[in-house]
Amino acid sequence: MTPARADAVFADPLIRMPRGVRLHQDRVRGLPALLGPERALMLDEIGLAILSELGEGVRLSVLIDRLAARYDAPRDEIAGDVRAFLDVMQVQRLVDYADA
Amino acid sequence: MRDLPPPPAPIALLAELTYRCPLACPYCSNPLELSARDAELDTATWARVFGEAAELGVLQLHLSGGEPASRRDLVELVAAARQADLYVNLITSGIGLTETRLDALEAAGLDHVQLSLQGVRAGIADRIGGYRGGFDRKLAVARAITDRGFPLTLNAVMHRQNLDDLAETISFAADLGARRIEVACVQFYGWAQRNRAALLPTRAQVEAAKRTVAEAVRTYRGRMAIDFVPPDYYADYPKACMGGWGSTGLNVAPEGTVLPCHAAATIPELSFQRVTEVPLAEIWAKGPAFQKFRGHDWMPDPCLSCARRDIDHGGCRCQAMALAGDPHATDPVCRHAPHRALVDSLLANLPADDVLPKFVYRR
Ligand code: SF4
Ligand code: SF4
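First things first, this report covers the structure right here in the doc. (Residues numbered from 1 in each chain as written. Chains lettered and ligands numbered in written order. Predicted model: local features only at pLDDT ≥ 70, side-chain atom pairs only at ≥ 80, totals over all residues. Heavy atoms only, no water.)

## Structural notes on the interface of chain A and chain B
Okay, so step 1: If you look at the interface, chain A gives 24 residues, while chain B gives 33 residues.
Okay, so step 2: In this assembly, chain A packs against chain B so that about 2300 Å² is buried in total across both faces, 48% of it on carbon and sulfur atoms.
Okay, so step 3: Considering only the side of chain A, the residues that lose the most area to chain B are Arg19, Glu38 and Arg93 of chain A, jointly responsible for 29% of the buried surface there.
Okay, so step 4: Joining chain A to chain B, the criterion identifies two salt bridges.
Okay, so step 5: In this structure, Arg19 of chain A engages Glu106 of chain B in a salt bridge whose closest nitrogen and oxygen atoms are separated by 3.0 Å.
Okay, so step 6: Connecting chain A to chain B are 14 residue pairs in polar contact (both at pLDDT 80 or more).
Okay, so step 7: If you list the elements that add at least two residues to the side of chain A that touches chain B, you get strand E2 (22-26), strand E3 (31-36), strand E4 (39-42) and helix H3 (75-91) of chain A.
Okay, so step 8: Within the side of chain A that touches chain B, the residues separate by chemical class into 10 nonpolar, five polar and nine charged. (Contact = heavy atoms within 4.5 Å. Buried area = accessible area lost by both parts, 1.4 Å probe. Salt bridge = Lys/Arg side-chain N within 4 Å of Asp/Glu carboxyl O. Polar contact = N/O pair within 3.5 Å; in protein donor to acceptor, adjacent residues only side chain to side chain. Helix = DSSP H or I, 4+ residues; strand = E, 2+ residues; numbered from the N terminus. Nonpolar A, V, L, I, M, F, W, Y, C, P; charged D, E, K, R; others polar.)

Below, the structure is given as structure tokens:
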């Protein structure tokens, strides 16, 4: 899977965590964290929920469906938050988007 | 003096495994007096230190040097660090990393590689690194790293003699498949301080570099992350060195001395403890060198009453030492600092291009 080009905008990207980025349970602080190159982010519940659904790669639409079901929340509301979160992560290459 | 509350847990440990290095960069941050190989910590001691660091709350381990690949036990050290559940980053010049070794590092669980770049062409790169053929070998290693799928950060160390190549440097990183590039202007400690006149960029170069970076951030958005550390001599305020003294990270030198930052040994009044004598947690919590500049109590004015004191923590203690000869002083880079004139006079007296002093190499 080649990471998205800078100018590529996908309506329904396939999302995954690239190699070198992983979830970590921080025992000392009692918090989930995301570890990547030069980065250690402490995650809140929403961030953790989104990132733990990625597995080996998941379509954005499928991810939103799952989270909407899990939190019993309106799909549209979830969609905006999820996309905003993922876009920030993608610019930092902590998640990658691909088309296929 | 009252007791300070216990410090929050550190996030990162920089392990300087060795001072040995095949290169001789004139900006190396290693001390001018290098400790010998037989003083280096052994494999088992490093493994114990990694375990103690993880227990203390460290998440990220940076294996550095010198050249960490100069350690024969590098693969074992990576395995031990992963065993301790640390995120392991290798900071390397690439020299000494063969294909076989990279395979072994991959099997040991190495997470990320940060490759230093001395220049974007063989001529300049080998002249800066003081090592003929170094550039070609680095290029081969870079390809071997990305072929294996390791995430790669290129660490481009920039200064007067290569800053004009910045645009080329950034596209070079992207073509190699780097996920990040760190454009780090030389900071003037260690060997860099000695070579400052040959390395300090001009204001015009710095302004051009800022424009180049801004454009590259747009061009490579989503493909490659770009971090830029401009030379702070041209800034109005100092950098928040280490995110505040003794607040987020610690360094262990090759022979086991624990430092609040890699240049802290340049401050004569500090005394340091060693991992072979005192547990890491105790050094972090109570070590005299760590306590010295924590919080605000040490601050002089103008810092003590400044609105930015929790943003930049009064700047860098080692820079105050290097420029003002006083580690308690406000970082001379700050425009409110009593010593700012020192910085301005350095900037006003840069040598012309044709009379740049020769490098003093790290040998
Ligand atoms: S800065 Fe250069 S000489 Fe110093 S450790 Fe790094 S590669 Fe070696
Ligand atoms: S006076 Fe001190 S705290 Fe204020 S900006 Fe300058 S260095 Fe930072």
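Additional details are given in the paragraphs that follow.
## Considerations on the sheet that holds strand E5 (residues 58-59) of chain A
Residues and elements named next belong to chain A.
Okay, so step 1: Strand order in the open sheet formed by three strands is E5-E1-E6, and the pairing between neighbours is antiparallel. This sheet does not close on itself; its edge strands, each paired only once, are E5 and strand E6 (96-98).
Okay, so step 2: In the sheet, strand E1 (residues 14-16) pairs with E6 via three bridges, with the strands oriented antiparallel. Bridge assignment links Leu14 to a residue of E6, and that residue is Ala98. (Pairing = 2+ DSSP bridges.)

## Side note on the pattern of salt bridges
All names here are of chain B.
Okay, so step 1: Scanning the model with the defined rule gives 25 salt bridges over all chains in all.
Okay, so step 2: Across the pair Asp165 and Arg121 runs a salt bridge, and its minimum N-O distance is 3.1 Å. Remark: Arg121 occurs in the loop between strand E4 (112-117) and helix H4 (122-129) and Asp165 occurs in the loop between strand E5 (152-158) and helix H6 (166-176); sequence separation between them is 44 residues.
Okay, so step 3: One network of salt bridges, in which partners are shared, links Arg20, Glu40, Arg71 and Asp73.

## A look at the nonpolar core
Okay, so step 1: Phe50 and Leu63 of chain B are the most contacted members of the largest nonpolar core, which has 69 residues in total.
Okay, so step 2: In contact with Phe50 of chain B, other than residues within four places in its own chain, are Leu13, Ala15, Leu61, Leu63, Leu77, Ala80, Ala81, Ala84 and Leu86 of chain B.
Okay, so step 3: By size, the runner-up hydrophobic cluster in this structure holds 24 residues, among which are Leu60, Ala79, Leu94 and Tyr97 of chain A. (Core = buried A, V, L, I, M, F, W, Y, C linked by side-chain atoms within 4.5 Å. Buried < 20%, exposed > 50% of the residue type's maximum accessible area, 1.4 Å probe, protein only.)

## Topic: the sheet that holds strand E1 (residues 12-16) of chain B
Residue and element names in this part refer to chain B.
Okay, so step 1: Overall, mixed pairing links the nine strands, which are arranged E7-E6-E5-E4-E3-E2-E1-E8-E9 in an open sheet. Each of the sheet's edge strands pairs with one partner strand only, and the pair in question is strand E7 (225-229) and strand E9 (258-259).
Okay, so step 2: Pairing of strand E8 (residues 249-252) with E9 involves two bridges; the strand directions are antiparallel. Along E9, the bridge assignment pairs Asn251 with Leu259.
Okay, so step 3: Contacting strand E2 (60-64) and strand E3 (87-92), helix H2 (residues 74-83) runs over the sheet at an angle of about 150° to E3. (Axes fitted to C-alpha atoms, helices over the stretch in contact; angles between N-to-C directions.)

## Observations concerning the packing of aromatic side chains
Residue and element names in this part refer to chain B.
Okay, so step 1: Per the stated rule, a full pass over the model turns up seven aromatic pairs over all chains.
Okay, so step 2: When the centroid spacing of 5.9 Å and the interplanar angle of 75° are considered together, the rings of Phe359 and Tyr361 count as edge-to-face.
Okay, so step 3: Assessed through its relative accessible area of 23%, Tyr361 is described here as partly exposed.
Okay, so step 4: Put simply, the rings of Trp245, Phe293 and Trp298 pair up and form one aromatic cluster.
Okay, so step 5: Just above the ring of Trp284 sits the side chain of Arg294; from NZ or CZ to the centre is 4.9 Å.
Okay, so step 6: The positively charged end of Arg308 is found above the aromatic ring belonging to Tyr237, 4.0 Å away from the centroid. (Phe/Tyr/Trp six-rings, centres within 6.5 Å; stacked < 30°, edge-to-face > 60°. Lys NZ or Arg CZ within 6 Å of the ring centre and 35° of its normal.)

## Observations regarding the site of ligand 2
Okay, so step 1: Surveying the vicinity of ligand 2 reveals the residues Tyr237, Pro238, Pro302, Cys303, Cys306, Arg308, Arg309, Asp312, Gly314, Thr330 and Cys334 of chain B.
Okay, so step 2: Residue composition of the shell around ligand 2, by class: six nonpolar, two polar and three charged. (Near = heavy atom within 4 Å.)

## Regarding helix H2 (residues 60-71) of chain A
All names here are of chain A.
Okay, so step 1: Given a rise of 1.5 Å per residue, 12 residues ought to cover 16 Å, and the 16 Å separating the end C-alpha atoms of H2 matches this to within 8%.
Okay, so step 2: Taken residue by residue, H2 has Leu60, Leu63, Ile64, Leu67 and Ala68 as its buried positions. Buried residues along H2 cover an arc of 130° about the axis, so they all sit on one side.
Okay, so step 3: In the core, the buried residues of H2 are packed alongside E1, helix H1 (45-52), E5 and H3.
Okay, so step 4: Once H2 finishes, Asp72 follows within two positions and takes phi at roughly 50°, a positive value. (Expected span 1.5 Å × (residues − 1). Arc of directions from axis to C-beta.)

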